[in-house]
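One-letter residues, chain by chain:
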Amino acid sequence: MHTAAARRDTALWLAARGYPVHPLAPGTKTPAPNCAHCHADRHPATECPCIPRGRWCHGFHAATTDPARVGHWWQQEPEFGIGVSCGPAGLVVLDIDRHPAPLPDRQRLLPGIPIDDRVDLTGLSNGFHTLALLAAHRGRPDPAEDDSTLRVRTPSGGLHLWYRAPLGGPAFRSSSGSGSRTALAWQVDVRATGGYIVAPTTRTAQGTYEALPGARTPAPLPLWLAAELTRTGHARLPRPASGPTAPQETPTAPQAAPGAPGPTRAPGGRPRRGSDAQRILAPLLDAVRDCARTPSGAAFSDKLNRAAFTAGGLAAGGHLTEAECTGLLTEAADAARPAQSRRNRLIIDSALRAGSNRPIHPEGRS
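Below or above, wherever it landed, is the structure these notes cover.

1. Regarding the environment of F128
Now for step 1: In this fold, F128 is placed in helix α5 (residues 127–137).
Now for step 2: For the pair F128 and Q187, spaced 59 residues apart in sequence, the C-alpha to C-alpha distance is 8.1 Å.
Now for step 3: F128 has contacts with I96, D97, R98, A144, R153, G157, G158 and L159, leaving out every residue within four places of it along the chain.

Put into structure tokens, the structure is as follows:
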């Protein structure tokens, strides 16, 4: 059983690591209520006079990393739970639910991915199953089993997977796994910009949020999940590369294909056709184009993500221009998936930005 002191210490620990926290009403997972003034006078959080004065009005809008303010809040009410504002923290959290509910139409289980009628769905009943199905479809390990990132068991038997959003990449929006417009998978919610997540040690009437064995800090968001979030319409404007509060570790990314000695350049620094930079990129672009032979199940998003990430590194190293990279990637992507050119461009732009943080030089220097 976690004590009030443990919750206060957890709130301070999170704030010290750049994760803005705010109080949750005792025994619940909802933000502490506004003060009497804010409750009576409806106004937007941006115009609230209470937040600058150190009050917790307006939920995650009041979240802070100020240790004095955090300590004062939990001293005032030791039974507060802990919420973390995901957007300013640079977090993307997958909230896997295990709610009893009728299974929806199979085409709503993985939005945008057709599930053939011959696929046996016997036993599929919750978000653990749909996320595992998505991972298997992409040939990836089940994220719910990934102990390299912070995983938090919820009182209802669900699971929160905490990840760091890619620096310089798009901000991701929150969504509900039962949403009809933006959703990653049935019964898998996304907590990101515009939302908050309940932190470990928080106690509700149903039980306590408990960190599972393994990592105690969020790992970088896997590139294949970033591509899936982009594919399903979660991508928003790019996050600043500096990031206001998130830890600054370099995200894990696919390794660029090995290359031979440095590129041959024409006058003015532009790579000549057939340079090493283009030879590195060519097989990755071919893999994207080859997806045209398979309408689904070809890991198209992952292959395009990998090609664009590598292109971003080559552009950052000065071996290709960004315009050349965008043109080559767009041509290959639209050849394979012509009906989703806007989505293709979102994946390309996101991965190019991420790759630009890791310059690639064909001669092996980076």
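2. Considering the pattern of salt bridges
Now for step 1: Under the criterion given, the structure shown has 14 salt bridges.
Now for step 2: Across the salt bridge formed by R7 and E79, the nearest N and O atoms sit 2.9 Å from each other. A residue pair is termed long-range when its members are at least 10 positions apart, and R7 in helix α1 (residues 4–16) and E79 in the loop between α3 (67–76) and β2 (81–85) qualify at 72 residues.
Now for step 3: Take R7: its relative accessible area is 2%, and that puts it in the buried class.
Now for step 4: Among the ionic pairs, D290 bridges to R293, the shortest N-O distance being 3.8 Å.

3. Here's the deal with the pairing of β2
Now for step 1: Counting buried residues along β2, five of its five residues qualify, which places the element largely inside the surrounding structure.
Now for step 2: Pairing between β2 and strand β8 (residues 196–198): three bridges, direction antiparallel. By the bridge assignment for β8, V84 is matched with I197.

4. Notes on the nonpolar core
Now for step 1: Counting residues in each nonpolar core, the largest one holds 32 residues, and the members touching the most others are V92, L94, F172 and L221.
Now for step 2: At the level of secondary structure, the elements contributing two or more residues to this core comprise β3 (91–96), α5, β5 (159–164), β7 (188–191) and α6 (223–231).
Now for step 3: Residues in contact with L221, not counting those within four places in the same chain, are V92, Y163, R164, P166, F172, A226 and L229.
Now for step 4: Judged by nonpolar contacts, the second largest core, of 28 residues, contains L281, L285, A332 and I347.

5. Details of a positive patch on the surface
Now for step 1: Residues R173, R236, R342 and R343 make up a contiguous surface patch of positive charge.
Now for step 2: Note that R342 resides in helix α10 (residues 341–355).
Now for step 3: R342 gets classed as exposed once you look at its relative accessible area, which sits at 67%.

6. Some points on the packing of helix α8 (residues 300–316) against α10
Now for step 1: The N-to-C vectors of α8 and α10 enclose an angle of 40°; their axes lie 7 Å apart at closest approach. With respect to their mutual orientation, α8 and α10 come out oblique. Relative to α10, α8 is oriented so that their crossing is right-handed. Contacts from F300, S301, L304, N305, A308, F309, A311, G312 and G313 of α8 reach α10 at N344, I347, I348, A351, L352, A354 and G355.
Now for step 2: Here the residues of the contact of α8 with α10 are counted per class, giving ten nonpolar, six polar and no charged.

7. Digging into unusual backbone geometry
Now for step 1: In the Ramachandran plot, H58 falls in the positive-phi region, its phi being about 70° despite a non-glycine side chain.
Now for step 2: Note on placement: H58 falls in the loop between α2 (36–40) and α3.
Now for step 3: Relative accessible area serves as the criterion here: at 15%, H58 is assigned to the buried category.
Now for step 4: At T201, a position not held by glycine, the phi torsion is positive, near 80°.
Now for step 5: Its location among the elements puts T201 in the loop between β8 and β9 (203–204).
Now for step 6: For T201, a relative accessible area of 7% puts it in the buried group.

8. Here we look at the sheet that holds β2
Now for step 1: Sheet architecture is open: three strands sit in the order β1-β2-β8, paired in antiparallel fashion. A single partner strand is all that each edge strand has here, and the edge strands are β1 (21–24) and β8. The sheet shows a mean angle of 35° between the axes of neighbouring strands, direction not considered.
Now for step 2: As judged from the four bridges shared by β1 and β2, these two strands associate in the antiparallel manner.

Rules behind the numbers
Residues numbered from 1 in each chain as written. Predicted model: local features only at pLDDT ≥ 70, side-chain atom pairs only at ≥ 80, totals over all residues. Heavy atoms only, no water. Helix = DSSP H or I, 4+ residues; strand = E, 2+ residues; numbered from the N terminus. Contact = heavy atoms within 4.5 Å. Salt bridge = Lys/Arg side-chain N within 4 Å of Asp/Glu carboxyl O. Buried < 20%, exposed > 50% of the residue type's maximum accessible area, 1.4 Å probe, protein only. Pairing = 2+ DSSP bridges. Core = buried A, V, L, I, M, F, W, Y, C linked by side-chain atoms within 4.5 Å. Patch = residues over 30% accessible without salt bridge, like charges linked within 9 Å, V, L, I, M, F, W, Y side chains within 5 Å. Areas by Shrake-Rupley, 256 points an atom, 1.4 Å probe, with all protein chains shown as cover. Lys, Arg positive; Asp, Glu negative; His and termini not counted. Charge placed at Lys NZ, Arg CZ, Asp CG, Glu CD. Axes fitted to C-alpha atoms, helices over the stretch in contact; angles between N-to-C directions. Parallel < 35°, antiparallel > 145°, perpendicular 65-115°, else oblique. Left-handed = near helix turned anticlockwise from the far one by under 90°. Nonpolar A, V, L, I, M, F, W, Y, C, P; charged D, E, K, R; others polar.

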